[in-house]
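# Residue-level structure breakdown
For reference, the chains in residue letters:
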Amino acid sequence: SAPLPVPSGGSAVVTLRVVGRNTNGPLATATVPLQDGAAWPLAFAVERSSLREGVNDFMWEREDLFVRADILTAAGKTVATGRSKAKAIDVSGTPGHGVAYVTIE
C-alpha cells in the first residue's frame, strides 16, 4: 500500500503515559509539526521539558511508557493514529527509554 501522505499544515500530537500506572492523565503531550513532502518514517523526540508540570521523575523514569501519536490536519481533524511502547532501559546505571516505533494506521 502507498504511504500515508503528510497532511498539508498538519501535525502529530504525541502523548506519553506510564504503562499500568494511574498518573492522573498524560505525563507529556508534545506537538510535532509535519512538513509538506516529509518522508516517512518521521523521527521526533519528546523532551523532558514537555512533561506535565509537577511530574516527579520516580513516576516515569524507570517505567515503560505508552506512546500514542495522532496525525491531525491543519483544521484539527484526526486522520490516523498509532500506538507503541518505549521500554525502560538502563544505560550504564542511568535510566532511559528505548526507541518506540509507532505504526500509523
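The structure reproduced in this document is the subject of the present report. Just so we're clear, the structure is a prediction, and the values are computed from it rather than from any experiment.

## What to know about the side chain of T15
In this structure, T15 sits in strand β1 (residues 11-18). We classify T15 as buried; its relative accessible area is 15%. Sequence-distant contacts of T15, that is, excluding residues within four places in its chain, are made with P26, A28, T29, F66, V67 and R68.

## Quick notes on the environment of A74
With respect to the element layout, A74 can be found in the loop between β3 (65-72) and β4 (78-86). Under the relative-accessibility criterion, A74 is labelled exposed at 59%. Sequence-wise, A74 and S8 are 66 residues apart; in three dimensions their C-alpha atoms are separated by 6.9 Å.

Calculation rules
Counting of residues starts from 1 at the beginning of each chain's written sequence and follows it residue by residue. Only residues with pLDDT of at least 70 get local features here, since the model is predicted, and only at 80 or more are side-chain atom pairs given and counted; chain-wide, interface and lining totals rely on the full set of residues. Think of the side-chain values as coming from all heavy atoms in the structure, minus any hydrogens and water. Think of it this way: any DSSP run of H or I at least four residues long counts as a helix, any run of E at least two long counts as a strand, and we number them from the N terminus. Only protein chains enter the area calculation, which uses a 1.4 Å probe; residues under 20% of their type maximum are buried, those over 50% are exposed, and those in between are partly exposed. Pairs of residues are marked as contacts when any of their non-hydrogen atoms sit within 4.5 Å.

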